[in-house]
Structure formats: C-alpha cells, structure tokens
Amino acid sequence: QVQLVESGGGLVQAGGSLRLSCSASGNILRLNFMGWHRQAPGKQRELVAAVSSGGTTTYADSVKGRFTISRDNSKNTVFLQMNSLKPEDTAVYYCSLNQAGTGAFWGQGAQVTVSS
C-alpha cells in the first residue's frame, strides 16, 4: 500500500500563485510516475501534469507555461508550482502515484479556488 498526503491548496486571486506538495509513503518502487489531476464541479477528473522517477514531465495544454511539476525522489515528494492562476483552474487537485505491479494510488485532494 501507498499513502499520499497533499498540502498547499487555498484561495488566491486571479494572476496569483500557489504551490502544492504531496508526500508518498509505503511500498514505493524505484520506477514510478507521480502526478496531479484535478476535478472541477460537474466535470471529469483530468490530468494536469505528471513526472516520472527519471524526471520526464508531461503537462495538459491548458497549464503549459504556467504550471511546473517537480519531484524530490529522496523524499518521495512531488510539487506543483502554479503561476498566473485563472478562475478556470479552480478545482480539487489530487496527487497520484502509478507504479507497475501495484497500480495507482490517490491522495485525499486539495481545494484550489481562484477568484476573479
């Protein structure tokens, strides 16, 4: 089993910044992907960004150039730096960890609210 604990959500004005953190513990394999998804009210959960244990990153088109994902493998922690936030970024943000053989694990979610 893997446990994920998120922190850093909150309320910010449009144009502002927030940083999300997610720490993983438990049966973590050396090769894995950690990422952030989000779900807005009435919408499906969508991938925001992901990073492999080797450092390869991927981003949703809607956040490219504004969000940066990074990780600290020594601490099994992933970060999401969100700049130039827009009201449409408002959602619950979920941390995830995927690894072969054990499947996907999810955090409890962190609310991000961007006011106009």
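It should be noted that the structure appears before, not after, this text.
Residues numbered from 1 in each chain as written. Predicted model: local features only at pLDDT ≥ 70, side-chain atom pairs only at ≥ 80, totals over all residues. Heavy atoms only, no water.

Draft legend 1. Molecular detail of the environment of Ser 62. Here Ser 62 is to be found in the loop between strand E6 (57-59) and strand E7 (67-72). Classification of Ser 62 as partly exposed rests on a relative accessible area of 39%. Put simply, Ser 62 and Val 78 are 16 residues apart on the chain and 20 Å apart in space, counted from C-alpha to C-alpha. (Helix = DSSP H or I, 4+ residues; strand = E, 2+ residues; numbered from the N terminus. Buried < 20%, exposed > 50% of the residue type's maximum accessible area, 1.4 Å probe, protein only.)

Draft legend 2. Focus on the nonpolar core. In this structure, Leu 4, Trp 36, Leu 80, Met 82 and Tyr 93 are the most contacted members of the largest nonpolar core, which totals 30 residues. Of all the secondary-structure elements, those providing two or more residues to this core are strand E1 (2-7), strand E3 (18-26), strand E4 (33-39), strand E5 (46-52), E7, strand E8 (77-82), strand E9 (91-99) and strand E11 (110-115). Leave out the neighbours within four places in its chain, and Tyr 93 touches Glu 6, Leu 20, Trp 36, His 37, Arg 38, Val 48, Phe 67, Leu 80, Met 82, Gly 109, Ala 110 and Val 112. (Core = buried A, V, L, I, M, F, W, Y, C linked by side-chain atoms within 4.5 Å. Contact = heavy atoms within 4.5 Å.)

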